[in-house]
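Listed below are the residues making up each chain.
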Amino acid sequence: MITVTPETFELVQFDAAEIAALAADVAKAVGLADDVTIAIAIDETAIIGKASSRVEDDGRIVLDVTGGAFESLRKARTFDENRAKAVLGQALMRARDRIDPDFGNPPADDALSVPEETAWATSIEGRLDRLGILVGRPQRRIYHFRVRHGFNDTVDRIFDRLWTTDSITWAEIAASSSEAVLA
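Everything quoted here is computed from the prediction, not taken from an experiment.

(A) Quick peek at the overall build of the chain. Helix and strand counts for the chain stand at seven helices and four strands. Beginning at the N terminus, the succession of helices and strands in the chain can be written as β-α-β-β-β-α-α-α-α-α-α. Taken over C-alpha atoms, the radius of gyration comes to 17 Å for the chain, in line with the 16 Å a tight globule of 183 residues would show. By principal-axis analysis of the C-alpha atoms, the chain measures approximately 50 × 40 × 30 Å. Taking all contacts inside the chain whose residues are at least 6 apart in sequence as the whole, residues at least 24 apart take part in 59%. Accessible surface for the chain amounts to roughly 9600 Å². Of this, 50% is attributable to carbon and sulfur atoms.

(B) Region of interest: the environment of E179. Positionally, E179 belongs in helix α7 (residues 170–182). Judged by its relative accessible area of 39%, E179 is partly exposed. Along the chain, E179 and F151 lie 28 residues apart, while their C-alpha atoms are 13 Å from each other.

(C) Summary view of the pattern of salt bridges. Enumeration according to the criterion identifies 13 salt bridges in this entry. D109 is the salt-bridge partner of R98, the closest N and O atoms lying 2.6 Å from each other. Of this pair, R98 sits in helix α3 (residues 81–99) while D109 sits in the loop between α3 and α4 (114–131), and the two are eleven residues apart along the sequence. Note that D166 is salt-bridged to R130, the shortest N-O span being 2.7 Å. Here R130 lies in helix α4 and D166 lies in the loop between α6 (153–164) and α7, a separation of 36 residues in the sequence. Salt bridges sharing partners connect three or more residues here, namely R94, R98, D109 and E117.

Quick notes on the rules
- Residues numbered from 1 in each chain as written.
- Predicted model: local features only at pLDDT ≥ 70, side-chain atom pairs only at ≥ 80, totals over all residues.
- Heavy atoms only, no water.
- Helix = DSSP H or I, 4+ residues; strand = E, 2+ residues; numbered from the N terminus.
- Rg over C-alpha atoms; globule rule 2.2 N^0.38 Å.
- Contact = heavy atoms within 4.5 Å.
- Areas by Shrake-Rupley, 256 points an atom, 1.4 Å probe, with all protein chains shown as cover.
- Buried < 20%, exposed > 50% of the residue type's maximum accessible area, 1.4 Å probe, protein only.
- Salt bridge = Lys/Arg side-chain N within 4 Å of Asp/Glu carboxyl O.

And the structure:
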């Protein structure tokens, strides 16, 4: 079950049913079970693009999204399906990782170091790229990875490993980030 709040938007030209349907498609693509409850709360007053996900104790996935995250960069207040798909993909893949017992037990988002966050985002974006959800961004992501880990061949090899691996654990991501920082 997927819910989107608000049900009716006043400041942006979004449609809650369209967002829920898109979220259902993305959730299926990233491997979330059909019976997972997803609650998407959109703050349409915030023009900055930001999204976060968390898994509640009852197993419900909650996405907190600002309106700017789903908004077209070319036409203010207008929904951009591709941008929304990318944001939903990142948030739902992170949530899927968190509920997968094989992935391990990553720290809460606010307890991640910046390099760890960047390494996890690299892994997520690489997997989304292969699913066709977030395509063509490796150069953008490698730049972020290098800024957080260093500019050398070892860092680039670690980036490639994170970007191309479909099955990964939190321990592998954390170890890769530590290895890159020390390189």
